[in-house]
Amino acid sequence: MTTLKEYLDSAGCEPMLSDLIILIAAQAAPIREAFIDNQSYAGTENTSGERQAALDVWSDEHLTKVIEESGLVKELASEEKSDVVTFPGAKGNYAVVMDPLDGSSLIQVNLCVGTIIGIYDNGKALSRGDELRAAMYMLYGPMTVLTISVGKGVYTFAMDKSGEYRMLEGPVKMPEGKIYGSGGLNKDWTATHREFIESIEAEGGKLRYSGSFVADFHQILKYGGIYCYPATIDNEIGKLRLVFEANPIGFLAKQAGGAISDGKNNLLEISPEKSNHKTPIYVGSEGLIKRLESICGR
Ligand code: AHM
Ligand code: MG
């Protein structure tokens, strides 16, 4: 089976990018190891005012150290940091954006969570999603799975017991499908969001929502459908973040033939105003995103 390194070489990645991707992907092993000693909450809050799990903090510190020591990265933006961090001595011109542990509320119940990563080659962490050079996530499920795009389609890999990633599937094409999930309390949904969800339910849509964006997206990548964290009547900016969550996942969705939107705009075309810029998110099959935008645009 094709290894991650063999795939990156065949996809024409420059050696420094390939090294950075392989280095970050390899951190899935120590992060997985750290679950057992980091099951509690840390007693602190992140910049979005959310409780930090001990594993959020551990993964953030671990990845930051590895990324800084690589000497390849000039800027780093993380969901767990208030500002972009700069590494002035770096020889490479990459910028990394990351959600070190997405789906943190599921750590203590042993459900699937993951690490989301975006890589820019312009040295600027606060860039548009369509400027990403590469995006990937590592999923800590029954297998450790890496889903990656370097702008040439989407490929999935599983880590074997020696720590080598071996290709599972690719190029992955997201089908039109009927799986849907939505964050936000039902009582707070807007009329347009409700109309959209009801249109999917009327066609026999199946509800799948776990509390882990990255895991829910992985299912939609395979079967088709839509993940939503909408604007609600009491919160028009939604919960999730453009830089670390929407953009890397949106890049992967687009590369698989899907799309990402806030209901009106392609999120990949929005310039982030700040590191923890929040946005409503709809990501999934292209036909459902078109339907959503036609409902919201009326
Ligand atoms: P996190 O990055 O701190 O884990 O927060 C993001 C998570 C998403 O993974 C998930 O889809 C959403 O928050 C769940 O929120 P809610 O519990 O409000 O449905
Ligand atoms: Mg997250």
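Structural data are supplied above this passage.
An account of the accompanying structure is given in this report. (Residues numbered from 1 in each chain as written. Chains lettered and ligands numbered in written order. Predicted model: local features only at pLDDT ≥ 70, side-chain atom pairs only at ≥ 80, totals over all residues. Heavy atoms only, no water.)

**Here we look at the pairing of strand 15 (residues 281–284)**
Working step 1: Of the two faces of strand 15, both are covered, the one formed by Ile-281 and Val-283 as well as the one formed by Tyr-282 and Gly-284.
Working step 2: Relative to strand 15, strand 13 (residues 225–229) is paired through four bridges, and the arrangement is antiparallel. Within strand 15, the position partnered with Cys-228 by the bridge is Tyr-282.
Working step 3: Sheet topology note: the strand 14 (residues 259–261)/strand 15 ladder contains three bridges and is antiparallel. Within the sheet, the bridge partner assigned to Ile-260 lies in strand 15 and is Val-283. (Buried < 20%, exposed > 50% of the residue type's maximum accessible area, 1.4 Å probe, protein only. Helix = DSSP H or I, 4+ residues; strand = E, 2+ residues; numbered from the N terminus. Pairing = 2+ DSSP bridges.)

**Description of the environment of Glu-6**
Working step 1: Topologically, Glu-6 is positioned in helix 1 (residues 4–10).
Working step 2: The spacing of Glu-6 and Ser-18 is 12 residues in sequence and 9.9 Å in space, taken between C-alpha atoms.

**Here we look at the sheet that holds strand 7 (residues 134–140)**
Working step 1: Ordered by their spatial adjacency, eight strands build an open sheet running 4-3-5-6-7-8-9-10, and the pairing between neighbours is mixed. The sheet terminates laterally at strand 4 (85–86) and strand 10 (165–169), the two strands that pair on one side only.
Working step 2: Relative to strand 9 (residues 155–159), strand 8 (residues 144–149) runs antiparallel, the two sharing four bridges. Across the sheet, Val-145 pairs through a bridge with Ala-158, a residue of strand 9.

**What to know about helix 5 (residues 191–202)**
Working step 1: With 12 residues, helix 5 should reach 16 Å at 1.5 Å per residue; the first-to-last C-alpha distance of 16 Å fits that figure.
Working step 2: Of all the residues in helix 5, the buried ones are His-193, Phe-196, Ile-197 and Ile-200. With its buried residues spanning 95 degrees around the axis, helix 5 presents them on a single face. Residues Ala-191 and Ala-202 are exposed on helix 5 and point more than 90 degrees away from its buried face.
Working step 3: Against strand 11 (179–182), strand 13, strand 15 and helix 8 (286–296) lie the buried residues of helix 5.
Working step 4: Gly-204 sits one or two residues past helix 5 and shows a positive phi near 90 degrees. (Expected span 1.5 Å × (residues − 1). Arc of directions from axis to C-beta. Contact = heavy atoms within 4.5 Å.)

**Quick look at the site of ligand 1**
Working step 1: Near ligand 1 you find 16 residues, and of these Gly-103, Tyr-209, Phe-213, Tyr-227 and Tyr-229 are the closest.
Working step 2: Asp-102 places a side-chain nitrogen or oxygen 3.0 Å from an oxygen atom of ligand 1.
Working step 3: Contact distances for ligand 1 include 2.5 Å between an oxygen atom and a side-chain N or O atom of Tyr-209.
Working step 4: Contact with the protein chains removes 82% of the 470 Å² of surface that ligand 1 exposes when unbound.
Working step 5: Residues that form the shell around ligand 1 fall into these classes: five nonpolar, four polar and seven charged. (Near = heavy atom within 4 Å. Polar contact = N/O pair within 3.5 Å; in protein donor to acceptor, adjacent residues only side chain to side chain. Areas by Shrake-Rupley, 256 points an atom, 1.4 Å probe, with all protein chains shown as cover. Nonpolar A, V, L, I, M, F, W, Y, C, P; charged D, E, K, R; others polar.)

**Section: the pairing of strand 1 (residues 41–45)**
Working step 1: Where strand 1 meets strand 2 (residues 51–53), two bridges bridge the pair, whose relative direction is antiparallel. Across the sheet, residue Glu-45 finds its bridge partner in strand 2, namely Arg-51.
Working step 2: The hairpin formed by strand 1 and strand 2 contains five residues between the paired strands, and Gly-49 there has a positive phi angle of roughly 75 degrees.

**Brief notes about the packing of helix 6 (residues 213–223) against helix 7 (residues 242–255)**
Working step 1: Put simply, helix 6 and helix 7 touch, their axes get as near as 12 Å, and they point 10 degrees apart. The angle between helix 6 and helix 7 falls in the class roughly parallel. Residues Phe-213, Val-214 and Phe-217 of helix 6 pack against Glu-245, Ala-246, Ile-249, Leu-252 and Ala-253 of helix 7.
Working step 2: Within the contact of helix 6 with helix 7, the residues separate by chemical class into seven nonpolar, no polar and one charged. (Axes fitted to C-alpha atoms, helices over the stretch in contact; angles between N-to-C directions. Parallel < 35°, antiparallel > 145°, perpendicular 65-115°, else oblique.)

**Considerations on the side chain of Arg-241**
Working step 1: The topology assignment puts Arg-241 in the loop between strand 13 and helix 7.
Working step 2: Beyond its immediate chain neighbours, meaning those up to four positions away, Arg-241 contacts Asn-46, Ser-48, Glu-50, Glu-79, Ala-246, Asn-276, His-277, Lys-278 and Thr-279.

**Some remarks on unusual backbone geometry**
Working step 1: Cis geometry is found at the peptide bond from Gly-170 to Pro-171, where omega equals -5 degrees.
Working step 2: Topologically, Pro-171 is positioned in the loop between strand 10 and strand 11.
Working step 3: A positive phi is found at Asn-110, a non-glycine position, where the angle reads about 60 degrees.
Working step 4: On the secondary structure map, Asn-110 appears in the loop between strand 5 (94–102) and strand 6 (113–120).

**A look at the sheet that holds strand 11**
Working step 1: The strand order 12-11-13-15-14 describes an open sheet built from five strands, whose pairing is mixed. The open sheet terminates on both sides in strands that have one partner only, identified here as strand 12 (206–207) and strand 14.
Working step 2: Both strand 11 and strand 12 contribute to a ladder of two bridges, which runs parallel. Across the sheet, residue Ile-179 finds its bridge partner in strand 12, namely Lys-206.

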